[in-house]
Amino acid sequence: ECKFVTDFNEILEDPSINCVVELMGGTTQAKDVVLGAINANKHVVTANKALVSQFLPEIKAALDAHPSVKFSYEAAVCGGIPVIHSFSSDFLGDNITKVMGIMNGTTNFMLCKMEDEGAAYGDVLKEAQALGFAEADPTADVEGHDVQAKIALLANLAYGRVVPVPSIPTNGISSIAAVDFEYANILRSTIKLIGCASLNADSSIAVYVSPMVVPLTSQLAAAKGPGNMVLVSSDNCDTSVLAGPGAGRYPTANSVVSDILRICVGQETKPFPLDNKDVAINNDYSSAFYVRVNCSDGLGIIKAVGEAAEQSSVSIHAILQNPIESHQNLNFVITTESCKLSEVQAFAGRIKTMPWARSAPLVMPLVSK
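First, a word on scope: everything that follows refers to the structure included in this document.

Reading guide: rules and limits
- Residues numbered from 1 in each chain as written.
- Predicted model: local features only at pLDDT ≥ 70, side-chain atom pairs only at ≥ 80, totals over all residues.
- Heavy atoms only, no water.
- Salt bridge = Lys/Arg side-chain N within 4 Å of Asp/Glu carboxyl O.
- Helix = DSSP H or I, 4+ residues; strand = E, 2+ residues; numbered from the N terminus.
- Buried < 20%, exposed > 50% of the residue type's maximum accessible area, 1.4 Å probe, protein only.
- Pairing = 2+ DSSP bridges.
- Contact = heavy atoms within 4.5 Å.
- Axes fitted to C-alpha atoms, helices over the stretch in contact; angles between N-to-C directions.

## Considerations on the pattern of salt bridges
And step 1. On inspection of all chains with the given rule, the structure shows 11 salt bridges.
And step 2. The residue Glu 10 makes a salt bridge to Lys 3 at a minimum N-O spacing of 4.0 Å.
And step 3. A salt bridge links Glu 127 to Lys 113; its shortest N-O distance comes to 3.0 Å. Residue Glu 127 is located in helix 7 (residues 121-130), and its partner Lys 113 is located in helix 6 (residues 105-117); the two are separated by 14 residues in the primary sequence.
And step 4. You can call Lys 113 buried: its relative accessible area is 17%.
And step 5. Bridged by salt links that share partners, the residues Lys 49, Asp 146 and Lys 150 form one connected network.

Structure below.
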């Protein structure tokens, strides 16, 4: 009894249809479908993280104007893992202090291959594309834009603050090299692309996306292949772990169908249960950092690095260097004590201008043990 149409307005204008499922992707026609359905008092189920994160104020305003409409988007974040449902129901009585997670299966697959096989970034990307994990244009995945949209949604659920997606500092994995896994191994760690939203000491929130050096003792280090994992730190529950398949047609479809069923039986939750416009956003977060310097060998390099650190208010914790194989192209790593992102960026900026520096240093936060 299915009817196929080529004009979505036929669906929006059909009074016999009370629920619209949007799986088109994008933010143009999909936006017309979602807002059109809400304005027609039809329930909406969507998997479109880019649309919901980018146009969250408009969607919330439309839902406020049509209070009978139910809106569900479980499949928008972490595929088949019930992350959205957990945030919108299970943590309402708690105080979340940090959310951090591996939310993109493509990049996690690539980083695992680089670690396990010592493969170069370009070779692993080609393999991921051949296997269908990465798109022909992989920018959204490898540069972190996919995770950027997802952490914007989780930050809103955790803290009730709409976080403009362009305001989220985002670094992808394209600058990660095999040598970074060598140094991560020395630190008894691995490297993961992580989206994070956390409370700062002054009760503002920081929201950012970056590859991070993760100790092997962390649950995040156990996420392999295209799997996803989200860690939630809170006052009442300490650390909660949500893990499972973050992509794929069956996990994603399972979340979509579950949303439809919850609406059918009246068990849906409020899509955006918290509203706290007073929470300030301050993305100049504090962390210990990993700084890899690519340079040509010479005298006085460590002295210059120390002076640059002092000028940037950065305290050096350790300097790591593998045996030198090429005096024209070598890498060494500085780990810092806790400092602000702006301070370590100033430190890296000073190193970049040094005559022996071959490129801008790679900066990654160190996840605390």
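## Describing the sheet that holds strand 2 (residues 43-46)
And step 1. Overall, parallel pairing links the 3 strands, which are arranged 1-2-3 in an open sheet. Both edges of this open sheet fall to strand 1 (19-22) and strand 3 (71-72), since each of them pairs with a single strand only.
And step 2. When strand 1 meets strand 2, the two strands line up parallel, connected through 4 bridges. By the bridge assignment for strand 2, Val 20 is matched with Val 44.
And step 3. Here helix 11 (residues 249-265) sits on the sheet in contact with strand 1, strand 2 and strand 3, set at roughly 160° to strand 2.

## As for the pairing of strand 6 (residues 205-215)
And step 1. Most of strand 6 sits inside the fold, with 11 of its 11 residues counted as buried.
And step 2. Where burial is concerned, the two faces of strand 6 agree: the one with Ile 205, Val 207, Val 209, Pro 211, Val 213 and Pro 215 and the one with Ala 206, Tyr 208, Ser 210, Met 212 and Val 214 are both buried.
And step 3. With 11 bridges joining them, strand 5 (residues 189-199) and strand 6 adopt antiparallel strand pairing. When the bridges of strand 6 are listed, Leu 199 appears paired with Ile 205.
And step 4. In textbook terms, the turn of a hairpin is the stretch between consecutive antiparallel strands, and for strand 5 and strand 6 this stretch comprises 5 residues, one of which, Ser 203, has a positive phi near 75°.

## Regarding the pairing of strand 11 (residues 330-336)
And step 1. Judged by how many residues are buried, strand 11 sits mostly within the fold: 7 of 7 residues are covered.
And step 2. One ladder, built from 6 bridges, connects strand 9 (residues 286-295) with strand 11; its direction is antiparallel. Within strand 11, the residue paired with Val 291 across the bridge is Ile 334.

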